[in-house]
Structure formats: C-alpha cells, structure tokens
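Overview (structure and organization)
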Amino acid sequence: MVFNAHGVAAILSTIKGGDFLSSSDLTSEQISALFELASQLKKGERRIDLGNRTLGLIFTKSSTRTRVSFQVAMARLGGQIVDLNPQNTQLGRGEVLQDTARVLSRFCDALAVRTYEQNEILDYANWASIPVINALTDLEHPCQALADFFTMKEAFGRIKGHTLAYVGDGNNVANSLMICGGLLGVNVRVASPKGFEPLPEVVEKARKLSVDGAKIVLTNDPIESVKGADAVYTDVWASMGQEKEKELREKAFKKFCLDKKLFSEASPNAIVLHCLPAHRGEEISNEVMESESSRIFDQAENRLHVQQALLAALLGGL
Ligand code: CP
Ligand code: NVA
C-alpha cells in the first residue's frame with residue numbers, strides 16, 4: 001500500500017478516540033497506515049506534538065519493553081505517563097474497576113493496561129471514556145504483534161504472501177501474531193506440543209480475518225512449521241502467571257527449542273524474532289539469538305515507533 005501524508009492521516013483519523021484491545025481492532029488498511037507513520041517517526045521525517053497529554057500505565061504484571069517504550073513514546077509526543085501500579089494505588093486495596101476507570105478518565109488522556117484476564121481490559125474499556133490499550137493480557141499482546149510485522153516489513157519490504165513460523169506455546173503472543181498476520185496477508189504457522197496449541201476460537205477468528213489467501217496453520221511438528229519460512233519466532237514456554245507449570249512445560253517443550261538445526265530448515269534469508277524476555281538454552285539457543293539472522297533487538301526498538309504512531313492516532317494528533 002502506498003500512502004501520501006493526507007492518506008495516512010485520513011485513515012488513522014478513523015481510530016481516533018478508540019480502544020486497542022485486540023489485534024482484530026484494526027483493519028489491514030489501518031495497520032498499513034500505522035506502519036507508514038511509524039516508519040516516518042523512526043527515520044525522523046516526522047515529529048508530532050500532542051501537547052502535554054498523559055497516558056496512565058496500569059501494569060499488574062512486570063514489564064521492561066512495554067513500560068519503557070510507552071513512556072518514551074509519550075515523551076517524544078510532548079506528553080508524559082503516570083505510573084498507576086496497582087500496588088501503589090487504591091486498586092491494590094480493592095477499589096473497584098468501574099470507579100477507578102471513570103476517575104482516571106478525568107485525569108488521563110489514555111490508559112495502557114497490562115493484566116491477566118482479557119475481560120478485565122474489556123471492563124476498563126467499558127467504563128473509561130478515554131482510549132484503552134492492551135499492553136498484554138493472557139489472551140493477546142497486540143502492540144507486540146504490530147512491532148513484529150513492522151520489523152518483518154523492514155526486513156523484506158513487502159510481507160504479503162510471506163510466511164512466519166512461530167515455534168512454541170500457543171499463548172498471547174501467538175494469538176496476536178495469527179490475527180495480525182492474517183490481516184496483513186502473511187501466512188502464520190504455529191507449532192506447539194500437543195495440549196499447548198492456541199485456542200480454537202482464536203484460530204477461527206484469525207482465519208476469518210485473513211486476507212489475500214493467507215493461511216493460518218497449526219502443527220505439532222516444529223520442522224514442518226519452519227520449513228521455508230521467512231521469519232521464525234519463539235517466546236517463553238511459561239508465560240507470566242504460569243510459573244508453577246515451569247517444570248511440566250520444560251518437559252513438554254523439549255523438542256521446541258529454536259536452535260541452529262531447526263533454523264536451518266527456514267528460507268536462506270529468514271530472520272529470527274523473539275518478543276523478549278528470552279530464556280537462552282530453553283526456547284532459543286544463544287547461537288540463534290546472537291546470529292546475523294536475528295532482528296530481535298530491532299524488533300524491541302520498534303515497539304517504541306509503532307506505539308508512538310498508535311498513540312498519535314488514538315489521541316488524534318495527526
Ligand atoms: N515483549 C514485552 O512485552 O516485553 P516486556 O514484558 O518487557 O514489556
Ligand atoms: N508470553 C509472554 C510474553 C511476555 C512479553 C508472557 O505473557 O509472559
């Protein structure tokens with residue numbers, strides 16, 4: 001898709017004031033326009049000043065990349081963040097969400113929420129009168145998927161018809177990759193051990209939203225998924241909240257390490273992606289992580305650029 005500045009602004013004006021709770025909240029065209037804006041912001045071709053707006057961060061789980069990238073993105077947009085860690089607010093003492101969300105809507109211009117249940121973020125969106133952004137739930141990680149496909153686009157130019165293989169747990173990251181990939185016409189193959197596949201309803205949703213013949217394929221065989229792929233992606237075996245299952249998962253995922261041998265099945269120009277944090281020697285070998293094919297740190301940086309574009313669009317600064 002080729003845009004002029006007016007086209008990007010016109011398309012992104014359609015998400016002004018909205019929420020971003022799932023990868024399915026954006027259309028292919030809106031994602032492409034966000035990528036165009038993110039690319040301009042990254043290259044320094046564009047500066048946007050939102051005029052002292054405030055993003056509230058409500059993070060119930062740990063975070064390095066998401067927290068810092070949102071904070072820096074707001075600073076670059078001439079705004080700021082307020083850290084609303086539930087341990088330091090009345091949320092931690094039981095103040096109900098519907099009161100908190102309405103009060104915060106009087107102080108802040110948007111909220112980014114990281115929590116466990118997707119329903120909780122839906123409740124925030126329901127009660128808040130400002131945009132709510134999913135900064136990771138157990139079900140999805142939609143800001144991550146935007147950065148991931150933006151990184152793939154930087155590497156290959158055009159990604160429609162390309163294939164991303166995800167090797168590992170059918171988790172929040174896999175879910176958002178399937179939906180966002182399908183929307184962008186990218187084939188997404190997910191290889192997980194039996195019993196750790198993505199939820200059938202998410203797979204069905206991703207398939208329904210897929211365009212240009214993109215295929216969403218599940219398998220229990222990592223080699224089958226990686227064969228000829230353009231990008232190979234993995235994530236931790238035990239996500240936040242699953243710490244007690246660590247040992248059980250280590251056994252189940254033993255054959256799902258993205259090492260040199262598995263990566264050699266991919267296309268010769270394939271890139272390696274990982275949302276981070278990584279456990280070297282578990283889901284990915286140190287060698288693959290540090291290899292020339294790795295775009296993992298570009299991918300982490302791109303969180304900043306795509307989220308800056310997203311905030312500018314949701315807050316209507318274009
Ligand atoms: N990838 C990601 O979301 O990292 P953090 O948990 O550090 O935010
Ligand atoms: N699946 C991981 C992603 C961390 C960014 C988790 O939810 O812990």
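Before reading further, recall that the structure is shown in the block above.
Reading the values: the criteria
- Residues numbered from 1 in each chain as written.
- Chains lettered and ligands numbered in written order.
- Predicted model: local features only at pLDDT ≥ 70, side-chain atom pairs only at ≥ 80, totals over all residues.
- Heavy atoms only, no water.
- Helix = DSSP H or I, 4+ residues; strand = E, 2+ residues; numbered from the N terminus.
- Rg over C-alpha atoms; globule rule 2.2 N^0.38 Å.
- Buried < 20%, exposed > 50% of the residue type's maximum accessible area, 1.4 Å probe, protein only.
- Near = heavy atom within 4 Å.
- Polar contact = N/O pair within 3.5 Å; in protein donor to acceptor, adjacent residues only side chain to side chain.
- Areas by Shrake-Rupley, 256 points an atom, 1.4 Å probe, with all protein chains shown as cover.
- 1 Å grid on protein atoms, 1.4 Å probe; cavity = no way out; pocket = protein on both sides within 12 Å on 5 of 7 lines; lining within 4 Å.
- Sits in = over half its atoms within 2 Å of the grid points.
- Nonpolar A, V, L, I, M, F, W, Y, C, P; charged D, E, K, R; others polar.
- Contact = heavy atoms within 4.5 Å.
- Pairing = 2+ DSSP bridges.
- Axes fitted to C-alpha atoms, helices over the stretch in contact; angles between N-to-C directions.
- Salt bridge = Lys/Arg side-chain N within 4 Å of Asp/Glu carboxyl O.
- Points joined across faces, edges and corners; volume = space filled by probe spheres on them.

Focus: the overall build of the protein
Helix and strand counts for the protein stand at 13 helices and nine strands. By the compact-globule yardstick of 20 Å for 318 residues, the protein fits well, its C-alpha radius of gyration being 19 Å. When its C-alpha atoms are laid out on the principal axes, the protein stretches across 55 × 50 × 35 Å. Expressed as a percentage of the 318 residues in the protein, the buried residues total 56%.

Some thoughts on the site of ligand 1
Around ligand 1 sit S63, T64, R65, T66, R114, H141, Q144, C275, L276 and R303, and that is every residue in its neighbourhood. Within the backbone of L276, a nitrogen or oxygen atom sits 2.9 Å from a nitrogen atom of ligand 1. For ligand 1, an oxygen atom lies 3.1 Å from a polar atom in the side chain of R303. Relative to its free-state accessible area of 250 Å², ligand 1 is covered by the protein chains to the extent of 95%. More than half of the atoms of ligand 1 fall within 2 Å of the grid points belonging to the largest pocket. Counted by class, the shell around ligand 1 contains two nonpolar, five polar and three charged residues.

Some thoughts on the side chain of S192
Note on placement: S192 falls in the loop between strand 6 (187–191) and helix 8 (200–209). If near-sequence neighbours (up to four positions away) are discounted, S192 is found in contact with G168, D169, G170, E197, P198, T219, N220 and F256.

With respect to the sheet that holds strand 3 (residues 110–114)
An order of 2-1-3-4 is seen for the four strands of this open sheet, with the pairing classed as parallel. Of all the strands in the sheet, the pair left with one neighbour each is strand 2 (80–83) and strand 4 (132–134). Ignoring strand direction, the axes of neighbouring strands in this sheet form an average angle of 25°. As paired strands, strand 3 and strand 4 are joined by three bridges and run parallel to one another. Within strand 4, the position partnered with A112 by the bridge is I133.

A closer look at the pattern of salt bridges
Two side chains of opposite charge can pair, provided their charged atoms sit close to one another. On inspection of all chains with the given rule, the structure shows 13 salt bridges. Here K246 makes a salt bridge to E250, at a shortest N to O gap of 2.5 Å. Residue K246 and its partner E250 are both found in helix 10 (residues 246–252); the two are separated by four residues, about one turn of the helix. The exposure class assigned to K246 is partly exposed, which follows from its relative accessible area of 39%. A salt bridge links K246 to E282, with the nearest nitrogen and oxygen atoms 3.7 Å apart. Placement of the pair is K246 in helix 10 and E282 in the loop between strand 9 (271–274) and helix 12 (286–289), with a sequence separation of 36 residues.

As for unusual backbone geometry
Geometrically, the link from L276 to P277 is a cis peptide bond, its omega value of 0° lying close to zero. Mapped onto the elements of the fold, P277 is located in the loop between strand 9 and helix 12. At D212, a position not held by glycine, the phi torsion is positive, near 55°. Of note in this structure, L276 is not a glycine but carries a positive phi near 65°. When you line up the elements, L276 lands in the loop between strand 9 and helix 12.

Examining the layout of surface pockets
Considering only enclosed or pocket space, the largest pocket measures out at about 740 Å³ in volume. Around the largest pocket sit 40 residues that line it, and N172, V236, A238, S239 and M240 are the ones nearest its centre. Grouping the constituent residues of the lining of the largest pocket by class yields 12 nonpolar, 15 polar and 13 charged. Estimates place the volume of the second largest pocket at around 490 Å³.

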